[in-house]
Amino acid sequence: KAGVTQTPRYLIKTRGQQVTLSCSPISGHRSVSWYQQTPGQGLQFLFEYFSETQRNKGNFPGRFSGRQFSNSRSEMNVSTLELGDSALYLCASSSAHGGTGELFFGEGSRLTVL
Amino acid sequence: AQRVTQPEKLLSVFKGAPVELKCNYSYSGSPELFWYVQYSRQRLQLLLRHISRESIKGFTADLNKGETSFHLKKPFAQEEDSAMYYCALTPYSGGYQKVTFGTGTKLQVIP
């Protein structure tokens, strides 16, 4: 079974630009959640999607958004990038919703904002 | 609101010494607790969860509701245990609940 795949793996943007990250979950998993990982803050929950609907959202500004498609693939978008958005963005899929099951993580997309 | 605290950013122990990675949580209801581990150049992965009551790679963790803790323990550390460890919590109340992670503890096992 293929694992969770995230693209792109690395990207560099400048302030004010926007970025879209993609996540393909494990086949059969309907829950996809996104996390921002930084050295000082650890993993911070961004949002979770299940069956194409956002089920939960973390404490991030509206510049952070996402969506899920019918095949469970998910994208997250960050608009008007700020220097503080530089981080590793992790996607995780699960066969269960709402964090009740094991999370399977991707390798992450490392975003650098200059 | 739920919160997970891992007080140590770095824990260094000698090979063969006991290991205890601390995790304290704040949540008024019934939590489900996990330990995730990230080895060098590998993905973050589940190590164990409290409802399974398993020992994985020699690690155990007991949920202490009185002290609101879920410390990870191993009697004899091995070099391959060196990794980043994250404690995580989700409310055990059904519905769509978010997972809250601690800030992580880096375990360094000295040969």
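Residues numbered from 1 in each chain as written. Chains lettered and ligands numbered in written order. Predicted model: local features only at pLDDT ≥ 70, side-chain atom pairs only at ≥ 80, totals over all residues. Heavy atoms only, no water.

Peer 1: I tried to follow the pairing of strand 9 (residues 87-94) of chain A on my own but got confused; where do I start?
Peer 2: On a regular strand, one side chain projects to one face of the sheet and the next to the other, so that they alternate. Residue and element names in this part refer to chain A. Among the 8 residues in strand 9, 8 count as buried, and that is most of the element. The alternating pattern of strand 9 places Ala87, Tyr89, Cys91 and Ser93 on one face and Leu88, Leu90, Ala92 and Ser94 on the opposite face, and all of these are buried. Two strands pair when backbone bridges link them, and strand 4 (residues 31-38) and strand 9 are joined in this way by 7 bridges, in the antiparallel orientation. Across the sheet, residue Val32 finds its bridge partner in strand 9, namely Ser93. When strand 9 meets strand 11 (residues 109-113), the two strands line up antiparallel, connected through 3 bridges. (Buried < 20%, exposed > 50% of the residue type's maximum accessible area, 1.4 Å probe, protein only. Helix = DSSP H or I, 4+ residues; strand = E, 2+ residues; numbered from the N terminus. Pairing = 2+ DSSP bridges.)

Peer 1: What should I look at first to understand the interface of chain A and chain B in this one?
Peer 2: Interfaces are frequently sized by the accessible area removed from exposure as the parts join. Chain A puts 24 residues into the contact, and the matching count from chain B is 18 residues. Buried area between chain A and chain B, both sides added, is near 1900 Å², and the carbon and sulfur share of it is 53%. Our count for the contact surface shared by chain A and chain B stands at 1 salt bridge. Glu107 of chain A serves as the salt-bridge partner of Arg43 of chain B, at 3.8 Å between the closest nitrogen and oxygen. At the junction of chain A with chain B, the criterion picks out 4 residue pairs in polar contact (both at pLDDT 80 or more). (Contact = heavy atoms within 4.5 Å. Buried area = accessible area lost by both parts, 1.4 Å probe. Salt bridge = Lys/Arg side-chain N within 4 Å of Asp/Glu carboxyl O. Polar contact = N/O pair within 3.5 Å; in protein donor to acceptor, adjacent residues only side chain to side chain.)

Peer 1: Even after reading the chapter, I still don't get the sheet that holds strand 3 (residues 19-21) of chain B, so can you show me in this structure?
Peer 2: Pairing between sheet strands relies on hydrogen bonds along the backbone, with the strands arranged either parallel or antiparallel. Residue and element names in this part refer to chain B. The strand order 3-8-7 describes an open sheet built from 3 strands, whose pairing is antiparallel. With one partner strand each, in any of the chains shown, strand 3 and strand 7 (60-61) form the two edges of the open sheet. Summarising the sheet, strand 3 and strand 8 (residues 72-74) pair through 3 bridges and their orientation is antiparallel. When the bridges of strand 8 are listed, Leu21 appears paired with Leu72.

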